[in-house]
Amino acid sequence: MARIFSGIQPTGIATLGNYLGAIRNWVALQQGEDECIFCLVDLHALTVWQEPAALREQTRQMAALLLACGIAPERSILFHQSAVSAHARLAWIFNCVARMGWLKRMTQFKDKAGKNQEEVSTGLFVYPNLMAADIHAYHATRVPVGDDQLQHLELANDIAEKFNHDFGVAFFPRIEPLVLKESARVMSLRDGTKKMSKSDPSDQSRINLTDTADVIAQKIRKAKTDPAPLPEHVHDLEGRPEARNLVGIYAAITGKTPHEVLRHFAGSGFGPFKAQLAEALIAHIEPIGQRAREYLADPTGLDHILRDGARRAEAIASPIVAEAERLVGLLPGV
Ligand code: AQP
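Throughout what follows, the structure given in this document is the object of discussion. (Residues numbered from 1 in each chain as written. Predicted model: local features only at pLDDT ≥ 70, side-chain atom pairs only at ≥ 80, totals over all residues. Heavy atoms only, no water.)

1. Thoughts on the site of the ligand
Then comes step 1: Taken together, 19 residues lie around the ligand, and T11, V186, S197, K198 and S199 are the ones closest in.
Then comes step 2: N18 is positioned such that a nitrogen or oxygen atom in its side chain is 3.2 Å from an oxygen atom of the ligand.
Then comes step 3: In the model, a nitrogen atom of the ligand is placed 2.7 Å from a nitrogen or oxygen of the V186 main chain.
Then comes step 4: Expressed as a share of its isolated accessible area of 640 Å², the protein-covered part of the ligand is 92%.
Then comes step 5: At the level of elements, β1 (3-8) and α1 (16-29) are the ones that each hand at least two residues to the shell around the ligand.
Then comes step 6: For the shell around the ligand, the leading source of residues is α1, giving four residues.
Then comes step 7: A breakdown of the residues in the shell around the ligand according to their chemical character gives five nonpolar, nine polar and five charged. (Near = heavy atom within 4 Å. Polar contact = N/O pair within 3.5 Å; in protein donor to acceptor, adjacent residues only side chain to side chain. Areas by Shrake-Rupley, 256 points an atom, 1.4 Å probe, with all protein chains shown as cover. Helix = DSSP H or I, 4+ residues; strand = E, 2+ residues; numbered from the N terminus. Nonpolar A, V, L, I, M, F, W, Y, C, P; charged D, E, K, R; others polar.)

In structure tokens form, the structure reads like this:
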């Protein structure tokens, strides 16, 4: 049995992108043999400004949404990162193992910081060290990620290798990325070249998992397209990022291939296609929002699930991180 670790930032409401790219794969993974640990990575969220009250609310809301999507506390460990101190303790050790040059090469930092590198938080710069700690604190070896996260996983392996080498041990295992299908990458409804993001300033750019049927229908109706009808072949979607995105979403939500979708809609305008896309999305997404509202209506029950998850996570991570601390020469705590 291997151990799987993955995380999601409570930086807003989970989107259709988070669902198709991550959450529904997590739900499938928890049906298998491996032990699954899913973490609301609130410490990562702090790397960019968060309103304190909103962060608390979003963390509970994200927990409710994951449960509503089918993450089952009896099958998986679900908790918030800050509740288990092992993450931050190991991250500090990794800050002292990773090299500046390694972090400077991280393309996600360059993308997120842009021209503003002198002004962003130091947390944003060392974010990949915390991500490495999240995984290695559990000796997790399988990590489902989108291809944009592969560089971070390589860094996590480099950190583990250097730690093992520096201290003459074989303590941290190699991580194997579980790369998700290309079709699962969902782009913004306003700009097909930009990823759909929960923190995008435009609510029209995304489907939130809490959106009602009316809102979903309206967002799909208004989604950017181009004037040409839908083509017959997938390669004819080249250079048509918005059309490609909507076909990809329809395929992912109905379990068809983009090729099958186009066979059905070839020659059709976007009007009829969008109507069916909205219908399929509403059937899938609206019940998730409803179930999440039920979980949120019982904050005591929700907090109980998170506390129980944190206790189980702590029981795994604490001895591993205590051993890492011993290996580097720190005295045990009291
Ligand atoms: N648009 C997307 N398509 C497919 N997968 C996506 N993921 C995120 N957006 C898409 C996947 O969701 C998981 C959790 O993501 P995260 O919250 O840790 O960070 P993120 O990738 O930065 O997601 P967002 O929604 O864009 O958050 P913000 O706006 O806060 O930066 C990851 O596995 C990610 O690949």
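Having put the structure on the table, let's press on.
2. A few points about the packing of aromatic side chains
Then comes step 1: Per the counting criterion, the structure on display carries twelve aromatic pairs.
Then comes step 2: Seen from their ring centres, F5 and Y138 are 5.6 Å apart, and the 25° between their planes marks the pair as stacked. Placement of the pair is F5 in strand β1 and Y138 in the loop between α7 (122-136) and β4 (142-145), with a sequence separation of 133 residues.
Then comes step 3: Overall, the relative accessible area of 3% leaves F5 in the buried class.
Then comes step 4: Look at Y250 and F273: their rings are 5.6 Å apart centre to centre, the planes differ by 50°, and that puts the pair in the tilted class. Remark: F273 occurs in helix α12 (residues 270-296) and Y250 occurs in helix α10 (residues 241-254); sequence separation between them is 23 residues.
Then comes step 5: Overall, the relative accessible area of 0% leaves F273 in the buried class.
Then comes step 6: One aromatic cluster is present, built from ring pairs that chain together F94, F163, F167, F171 and F172. (Phe/Tyr/Trp six-rings, centres within 6.5 Å; stacked < 30°, edge-to-face > 60°. Buried < 20%, exposed > 50% of the residue type's maximum accessible area, 1.4 Å probe, protein only.)

3. Observations regarding helix α4 (residues 86-95)
Then comes step 1: Burial in α4 covers these residues: A86, H87, L90, A91, I93 and F94. Projection of α4 onto a plane perpendicular to its axis shows the buried side chains occupying an angular sector of 160°, all on one side.
Then comes step 2: Packing partners of the buried residues in α4 comprise β1, β2 (35-40), β3 (76-80), α7, α8 (150-166) and α13 (299-328). (Arc of directions from axis to C-beta. Contact = heavy atoms within 4.5 Å.)

4. Brief notes about the layout of surface pockets
Then comes step 1: The space that makes up the largest pocket amounts to roughly 1,400 Å³.
Then comes step 2: The wall of the largest pocket is formed by 49 residues, among which N18, Q108, D148, Q149 and K195 lie closest to the centre.
Then comes step 3: Within the residue set of the lining of the largest pocket, elements represented by two or more residues are β1, α1, α6 (107-113), α7 and β4.
Then comes step 4: Looking at side-chain class alone, the lining of the largest pocket contains 19 nonpolar, 18 polar and twelve charged residues. (1 Å grid on protein atoms, 1.4 Å probe; cavity = no way out; pocket = protein on both sides within 12 Å on 5 of 7 lines; lining within 4 Å. Points joined across faces, edges and corners; volume = space filled by probe spheres on them.)

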